[in-house]
Amino acid sequence: MIPFNKPYLTGKETAYIEDAVKRGKISGNGDYTKKCQLFFEERFGFKKALLTTSCTDALEMCAILANIKPGDEVIMPSFTFVSTALAFIRQGAHVVFADSHKNNPNIDETKIEDLITSKTKAIVVVHYAGMACNMDVIMSIANNYNLLVIEDAAQAICSKYKGKPLGSIGHMAAFSFHETKNIISGEGGLLAINDDKFIERSEIIWEKGTNRAAFFRDEINKYEWVDTGSSFLPSEIIAAFLWSQLENINQIQTKRLEHWHFYYTNLKDWAKKNSIEIMPLPKKETNNAHMFYLVCKSEAQRSAIINHLNTNNILAVFHYVSLHSSAYYKQKHDGRNLPNSDKFTSRLLRLPMFYELVVKNVVEKISEFNG
Ligand SMILES: *Cc1c(COP(=O)(O)O)cnc(C)c1O
């Protein structure tokens, strides 16, 4: 069986975990955490990087930092993972969904301005499959209306927009190290802060509403409860695992990109013959090979391809039920049709993508499908 995903281990994970345990400090914000955070700040230019236990947690921190209050509105795409919206809903926000582009699932930036009201506080963008949203336009809209921009960069590590790393452009950003992402720690995430004014508070929210991080740096002589927050920081065991992945980040990315280009080159003609849209070839620097997807001509065709692959012991999967039609939010959605979101919900199909994949085996079998 070729699975859809297989977590890749670099080989050093358990050695670093053992080392973390032997050092005798296995709670959060220790040596491995600091090494990982410094890595992100130096490589991607974030002003502050804080490890979290998930991207969902990092998004919750964004919602708190953005001071989202009941009744505030937040604009985001509907074709995304639950957490993009959930983090803001928990703070009482009303989510206003914008449609995707016709040709890719990213938020259609031309639809944003019409959705802005006096209650709008933030725009959340999702760089789907690591493909950059049109950040110049989005940042300029945000500047004009004094809104915050939060990048859900869960899938976007190592990808860029006009030379700038994704996650370094908005006021803040959230990454995921869930085992289905390129770089993993089982569960895990990162909050990236790009605007100085959020740095101090981000550390407090991270540490249960206390100023403990400043205390550990000897900046203050006692720590106490000063704000809201939660226990958003991961243990050193998770950070140690993550460090072994970060040491191999270039090698992981090179391999995934090889797979991606093999799919693209070898499925182009087959896709055309079957009226299937293939994932667009992003500019080189804005492809991080997080995913390879197809957009089928119909839901029925998608089911037929999934069945064909299943019969050949290959697992392909689809996602997302657009959030505006989800059980939890459809009553609260304002009723606008989002045809492009719906299109990706019913027709997008993801092919297996992981480090150890023998991609030619998938290409061989999928090429036998006609219909
Ligand atoms: C994976 C993912 C998340 C959630 O990440 P976790 O680390 O599992 O919380 C959020 N948004 C998007 C777009 C994702 O792909």
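Rules of the game
- Residues numbered from 1 in each chain as written.
- Predicted model: local features only at pLDDT ≥ 70, side-chain atom pairs only at ≥ 80, totals over all residues.
- Heavy atoms only, no water.
- Helix = DSSP H or I, 4+ residues; strand = E, 2+ residues; numbered from the N terminus.
- Rg over C-alpha atoms; globule rule 2.2 N^0.38 Å.
- Buried < 20%, exposed > 50% of the residue type's maximum accessible area, 1.4 Å probe, protein only.
- Contact = heavy atoms within 4.5 Å.
- Areas by Shrake-Rupley, 256 points an atom, 1.4 Å probe, with all protein chains shown as cover.
- Lys, Arg positive; Asp, Glu negative; His and termini not counted.
- Charge placed at Lys NZ, Arg CZ, Asp CG, Glu CD.
- Domains from an automatic or database assignment.
- Buried area = accessible area lost by both parts, 1.4 Å probe.
- Core = buried A, V, L, I, M, F, W, Y, C linked by side-chain atoms within 4.5 Å.
- Expected span 1.5 Å × (residues − 1).
- Phe/Tyr/Trp six-rings, centres within 6.5 Å; stacked < 30°, edge-to-face > 60°.
- Lys NZ or Arg CZ within 6 Å of the ring centre and 35° of its normal.
- Salt bridge = Lys/Arg side-chain N within 4 Å of Asp/Glu carboxyl O.
- Pairing = 2+ DSSP bridges.
- Axes fitted to C-alpha atoms, helices over the stretch in contact; angles between N-to-C directions.

This part is about the overall build of the protein chain. Summing up its helical and strand segments, the protein chain has twelve helices and twelve strands in all. Against the 2.2 N^0.38 benchmark of 21 Å for 371 residues, the protein chain shows a C-alpha radius of gyration of 21 Å, consistent with a compact globule. Referenced to the eigenvectors of the C-alpha coordinate spread, the extents of the protein chain come out at roughly 70 × 55 × 35 Å. Buried positions account for 57% of the 371 residues belonging to the protein chain. Put simply, of all contacts in the protein chain between residues at least 6 apart along the chain, 71% involve residues at least 24 apart. Just so you have it, the protein chain exposes about 15800 Å², and 52% of that area is on carbon and sulfur atoms. If the 43 positive side-chain charges of the protein chain are averaged to one point and the 41 negative ones to another, these points end up 4 Å apart.

This next bit is on the domain arrangement of the protein chain. The domain boundaries assigned to the protein chain delineate domain 1 (13-247) and domain 2 (249-366). Taking the mean C-alpha position of each, domain 1 and domain 2 sit 25 Å from one another. In this assembly, 46 residues from domain 1 lie in contact with 35 residues from domain 2. Between domain 1 and domain 2 lies a buried interface of about 3300 Å² when both sides are counted; carbon and sulfur atoms form 55% of it. Ranking the residues of domain 1 by area buried against domain 2 places Phe79, Phe97 and Asn182 at the top, with a combined share of 21%.

This part takes up the nonpolar core. Within the largest apolar cluster, 48 residues are counted, with the highest numbers of intra-cluster contacts made by Phe40, Met135, Ile138, Phe175, Phe177 and Leu246. Each of domain 1 (13-247) and domain 2 (249-366) accounts for three or more of the residues forming this core. Ignoring anything within four residues of it in the chain, the contact list for Phe175 reads Phe46, Cys55, Ala153, Ala154, Ala156, Ile157, Leu166, Gly167, Gly188, Gly189, Leu190 and Ala192. The next biggest cluster of nonpolar side chains, apart from the first, holds 39 residues, and it includes Met279, Phe292, Cys296 and Leu349.

The next subject is helix α10 (residues 299-311). Here α10 is 13 residues long and its end C-alpha atoms lie 18 Å apart, about the 18 Å a rise of 1.5 Å per residue gives. One or two steps after α10, the chain reaches Asn313, where phi turns positive at roughly 60°.

Moving on, we get to the packing of aromatic side chains. Two numbers describe a pair of aromatic rings. These are the distance of the centres and the angle of the planes. As enumerated under the stated definition, the model contains 20 aromatic pairs in all. With a centroid separation of 5.9 Å and an interplanar angle of 40°, the aromatic rings of Tyr16 and Tyr32 are classed as tilted. Here Tyr32 lies in helix α2 (residues 31-44) and Tyr16 lies in helix α1 (residues 13-23), a separation of 16 residues in the sequence. Among the residues examined, Tyr32 registers a relative accessible area of 3% and is labelled buried. Plain terms: the ring middles of Phe39 and Phe40 are 5.7 Å apart, the flat faces sit at 90° to each other, and that makes the pair edge-to-face. Per residue, the accessibility class of Phe39 equals that of Phe40, and both read buried. What links up through ring pairs into an aromatic cluster is the set Phe39, Phe40, Phe44, Phe46, Phe175, Phe177 and Trp243. The lysine or arginine in question, Lys255, covers the ring of Tyr355, its NZ or CZ lying 5.7 Å from the ring centre. Positioned above the aromatic ring of Tyr328 is the side chain of Lys332, whose terminal nitrogen or guanidinium carbon lies 4.1 Å from the ring centre.

It is worth spelling out the pattern of salt bridges at this point. Scanning the model with the defined rule gives 21 salt bridges in all. Between Lys121 and Asp72 there is a salt bridge, with the nearest N and O atoms lying 2.9 Å from each other. Taken together, the residues Lys121 in strand β4 (residues 120-126) and Asp72 in the loop between α3 (55-65) and β2 (73-77) connect sequence positions 49 residues apart. Take Asp72: its relative accessible area is 9%, and that puts it in the buried class. Here Glu277 ties to Lys343 by a salt bridge, and the two come within 3.2 Å at their closest N and O atoms. Separated by 66 residues along the polypeptide, Glu277 in strand β10 (residues 277-278) and Lys343 in helix α11 (residues 339-347) bring together distant segments of the chain.

Of all eight residues in helix α4 (residues 82-89), six are buried; the element is thus mostly enclosed. Within the span of α4, buried status applies to Ser83, Thr84, Ala85, Ala87, Phe88 and Ile89. For α4, the secondary structure elements touched by its buried residues are α3, β2, β3 (94-98), β4 and β5 (148-152).

This part takes up the sheet that holds strand β12 (residues 348-351). Across the sheet, three strands lie side by side as β10-β11-β12; this open sheet has antiparallel pairing. Each edge of the sheet is formed by a strand with only one pairing partner; in this case those strands are β10 and β12. When strand β11 (residues 292-295) meets β12, the two strands line up antiparallel, connected through four bridges. Looking across to β12, one finds that Tyr293 is bridged to Arg350. In this fold α11 packs onto β10, β11 and β12, with an angle of close to 45° to the strand it touches most, β12.

Attention shifts here to the pairing of strand β1 (residues 48-52). β1 sits mainly inside the fold: five of its five residues count as buried. Side chains of β1 alternate between two faces, with Lys48, Leu50 and Thr52 and Ala49 and Leu51 buried alike. Judged from the five bridges that link them, β1 and strand β9 (residues 189-193) form a sheet pairing that is antiparallel. Bridged to Ala49 within β9 is Ala192.

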